Amino acid sequence: MTVQDHKPNLKPARYFVCLFDALGTRERLFAGIDVNNPCVDPEKLAEISRHALATHEFLAGISAEIELVKQAPLEHMDRLCHGIPLPDKLREDYREDVLSLSCGFQQFSDTTLFYVRDSRDDGRIGLFPSILFQHLLLSLSLSLIRVMAQGCFFRGSLVYGTGWELDENVLFGPVVQEAYRIEEQEARWPRILISTEMKAQLQHMARGVSSNACPAKMICLDPDGMLSLDYWSVGAVENYLQVISAEELLRLAEAGYNHAVKQQQHFSKAMRADDSAGRLFLRYGALLSYLDDRMIARGLFKPVRNEVDK
């Protein structure tokens, strides 16, 4: 089939969209590399390789979680519902929701877009938003913590809106434009912002749900008045401890925090020669302020910044 023969699907639907941009590639990772010279310093090449691997693991982790849910949807549902028995009809509807799940990835350089179609647009009961999206948020949050522990930081957005899936892994429309706009113009430091419409969807999902891990309880209000994903919320931590040990979670938390400190220290030194480094210094300071509060509140450890705070 030629491009001219292919007719894209122009039936609009609503999508949950997550957009991530890996930070530091221009200022640190690719700095000093001649675009016309294929020879790269081995040490720099090793750093690029580690960054690329961490990004790949981030995406692969989310994709793997979706596949695991598809393989055993009812067992997954029971775990998220904490063993509370649900009617057989409801369980079967959820199983069909999961098996018919339409999702995809788009990637360009260090930017990745992950999307899931809202099953309610197909006339389904819509258990996906209330249960499965909760799982996706928790998987996303733990993936963020894992890559931060490897020294990789992401800035992004979570949005909900209309789009067209033109082909496999090809989403088009205003929901994509909004995701890019929020990430590029409003996120500013390493965090995942939540759009107003997405917040409304998360609050709708939370109706009648008392669990700390429900999506609406994974939103926090940042100092600049923006809403962001609270990946160290009480419910999120409770869920992580069902997947990994407390010792491993502490290791990830300390490693991610230390990498954020190193980033701020790097830009602190660079400020002497580069004015733009001052903005980046402050942005990692904003991330560290969030982590300071959460590490202490969750009883993980008491952060010590040493040189940065002097």
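See above for the structure.
(A) Inspection of the nonpolar core at higher detail. Within the largest apolar cluster, 61 residues are counted, with the highest numbers of intra-cluster contacts made by Phe 58, Leu 140, Leu 158, Tyr 231, Trp 232 and Leu 291. Setting aside residues no more than four positions away along its own chain, Leu 291 makes contact with Met 148, Tyr 231, Trp 232, Tyr 257 and Ala 260. Within the second largest apolar cluster, 14 residues are counted, among which are Ala 13, Tyr 15, Leu 19 and Leu 113.

(B) Structural context of the packing of aromatic side chains. If you walk through the whole model with that rule in mind, you get 8 aromatic pairs. With centroids separated by 6.4 Å and ring planes inclined at 85 degrees, the aromatic side chains of Phe 20 and Phe 154 adopt a geometry described as edge-to-face. Here Phe 154 lies in strand S4 (residues 154–167) and Phe 20 lies in strand S1 (residues 13–22), a separation of 134 residues in the sequence. The exposure classification of Phe 20 matches that of Phe 154, with both residues buried. An aromatic cluster is present here, built from Phe 153, Phe 267 and Tyr 284 joined pairwise through their rings. A cation sits over an aromatic face here: Arg 191 above Trp 189, 3.7 Å from the ring centre.

(C) Expanded view of unusual backbone geometry. Of note in the backbone geometry, Asn 169 takes a positive phi value of approximately 60 degrees without being a glycine. Considering the arrangement of structural elements, one finds Asn 169 in the loop between S4 and strand S5 (170–172). Judged by its relative accessible area of 32%, Asn 169 is partly exposed.

(D) Region of interest: the packing of helix H9 (residues 246–270) against helix H10 (residues 276–297). Between H9 and H10, the least distance of the axes is 8 Å, while the angle of their chain directions is 155 degrees. It follows that H9 is roughly antiparallel to H10 by the angle criterion. H9 and H10 meet at a crossing whose hand is left-handed. Here Ala 253, Tyr 257, Ala 260, Val 261, Gln 263, Gln 264, Phe 267, Ser 268 and Ala 270 of H9 come into contact with H10, specifically with Ala 277, Leu 280, Phe 281, Tyr 284, Gly 285, Leu 287, Leu 288, Leu 291, Asp 292 and Met 295.

(E) Expanded view of the pattern of salt bridges. Applying the stated criterion across every chain, the model contains 10 salt bridges. In this structure, Arg 181 engages Glu 186 in a salt bridge whose closest nitrogen and oxygen atoms are separated by 2.9 Å. If you follow the salt bridges from partner to partner, you end up with Arg 188, Arg 191, Asp 222 and Asp 224 in one network.

Rules used throughout
Residues numbered from 1 in each chain as written. Predicted model: local features only at pLDDT ≥ 70, side-chain atom pairs only at ≥ 80, totals over all residues. Heavy atoms only, no water. Core = buried A, V, L, I, M, F, W, Y, C linked by side-chain atoms within 4.5 Å. Buried < 20%, exposed > 50% of the residue type's maximum accessible area, 1.4 Å probe, protein only. Contact = heavy atoms within 4.5 Å. Phe/Tyr/Trp six-rings, centres within 6.5 Å; stacked < 30°, edge-to-face > 60°. Helix = DSSP H or I, 4+ residues; strand = E, 2+ residues; numbered from the N terminus. Lys NZ or Arg CZ within 6 Å of the ring centre and 35° of its normal. Axes fitted to C-alpha atoms, helices over the stretch in contact; angles between N-to-C directions. Parallel < 35°, antiparallel > 145°, perpendicular 65-115°, else oblique. Left-handed = near helix turned anticlockwise from the far one by under 90°. Salt bridge = Lys/Arg side-chain N within 4 Å of Asp/Glu carboxyl O.

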